[in-house]
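# Observations on the three-dimensional arrangement
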Amino acid sequence: MGRLFLVNLEGKSYSCRHCNTNIALCSDVVSKSFQSRHGKAYLFRKVANVYAGEKEDRMMMTGMHTVVDIYCVKCGSYLGWRYEFAFEKSQKYKEGKSVLERYKVCGQDENNYLVVAQEVEAGETDTDE
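Residues numbered from 1 in each chain as written. Predicted model: local features only at pLDDT ≥ 70, side-chain atom pairs only at ≥ 80, totals over all residues. Heavy atoms only, no water.

The helix and strand inventory of the protein stands at zero helices and nine strands. Going from N to C terminus, the protein has its helices and strands arranged as β-β-β-β-β-β-β-β-β. A total of 129 residues make up the protein; the buried ones form 43% of that total. Contacts in the protein between residues at least 24 apart in sequence constitute 48% of all its contacts with a sequence separation of at least 6. Accessible area for the protein stands at about 7200 Å²; split by element, carbon and sulfur atoms hold 49% of it. (Helix = DSSP H or I, 4+ residues; strand = E, 2+ residues; numbered from the N terminus. Buried < 20%, exposed > 50% of the residue type's maximum accessible area, 1.4 Å probe, protein only. Contact = heavy atoms within 4.5 Å. Areas by Shrake-Rupley, 256 points an atom, 1.4 Å probe, with all protein chains shown as cover.)

Spelled out as structure tokens, the structure:
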């Protein structure tokens, strides 16, 4: 493995709860109303310092989507997923955007306190919003 280069995010951001690597800016939140199997999840316009898994088609609450799971580039923790393709026309706005699960990230929420959720058994994946 070579040298790890991380993108430094300027401003309020969300970080990996395991290694504190910056993942996304608060200003890049598109929606805070997403749900995952484990609870709240946020839709982001852009994320940084992540790598993607294999593409797969998943049936979600809003229909079929092609997604890739995303992981922290520093520690490898699962963080959420990125929408690659939406089969339904009404869901096209999600393409290229990422969903981060709130229990996997730390960051400032609208009430200005640090959000840290309980740990969930490793290895579980999310198949719905």
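What follows picks up the thread again.
Now for the environment of Phe 85. Looking at where Phe 85 falls in the secondary structure, it is placed in strand β7 (residues 78-86). Judged by its relative accessible area of 35%, Phe 85 is partly exposed. On a C-alpha basis, the gap between Phe 85 and Lys 55 in space is 9.9 Å, while along the polypeptide they are 30 residues apart. The contact partners of Phe 85, leaving out residues within four places of it in the chain, are His 65, Thr 66, Lys 92 and Glu 95.

Before going further, it helps to examine the nonpolar core. Note that soluble globular proteins tend to have their nonpolar side chains buried in a common cluster. Counting twelve residues, the largest nonpolar core consists of Tyr 14, Cys 16, Ile 23, Ala 24, Val 29, Tyr 42, Phe 44, Ile 70, Cys 72, Leu 79, Leu 100 and Val 105. Sorting the residues of this core by element identifies β1 (13-16), β2 (22-25), β4 (39-44) and β6 (63-72) as the ones contributing at least two each. Setting aside its immediate chain neighbours within four residues, Val 29 contacts Tyr 14, Leu 43, Phe 44 and Arg 45. Within the second largest apolar cluster, nine residues are counted, among which are Phe 34, Leu 43, Val 67 and Trp 81. (Core = buried A, V, L, I, M, F, W, Y, C linked by side-chain atoms within 4.5 Å.)

Okay, the confidence of the model for the protein next. Mean pLDDT over the protein: 84, with 82% of residues reaching 70 or higher. Low pLDDT, under 50, characterises residues 110-129; the predicted model gives this stretch 52 contacts beyond four residues in sequence or across chains. (pLDDT = per-residue confidence, 0-100.)

On the secondary structure map, Tyr 14 appears in strand β1. Overall, the relative accessible area of 1% leaves Tyr 14 in the buried class. C-alpha of Tyr 14 to C-alpha of Gly 107: the two residues are 93 residues apart in sequence and 4.3 Å apart in space.

For strand β5 (residues 50-60) and β6, the ladder comprises nine bridges, and the chain directions are antiparallel. The partner of Lys 55 across the bridge, within β6, is Val 68. (Pairing = 2+ DSSP bridges.)

We now examine the side chain of Arg 58. With respect to the element layout, Arg 58 can be found in strand β5. On the basis of relative accessibility, which here comes to 4%, the residue Arg 58 falls in the buried class. Here the side chain of Arg 58 touches Asp 69 through a polar contact of 2.5 Å, side chain to side chain. (Polar contact = N/O pair within 3.5 Å; in protein donor to acceptor, adjacent residues only side chain to side chain.)

Here we have three strands laid out as an open sheet, ordered β2-β1-β9, and antiparallel in their pairing. Every interior strand has two partners, whereas the edge strands, β2 and β9 (105-107), have only one. The mean inter-strand angle of the sheet, taken between neighbouring strand axes irrespective of direction, is 30°. Here three bridges tie β1 to β2, and the two strands are oriented antiparallel to one another. Among the inter-strand pairings, Ser 13 is bridged to a residue of β2, identified as Leu 25. (Axes fitted to C-alpha atoms, helices over the stretch in contact; angles between N-to-C directions.)

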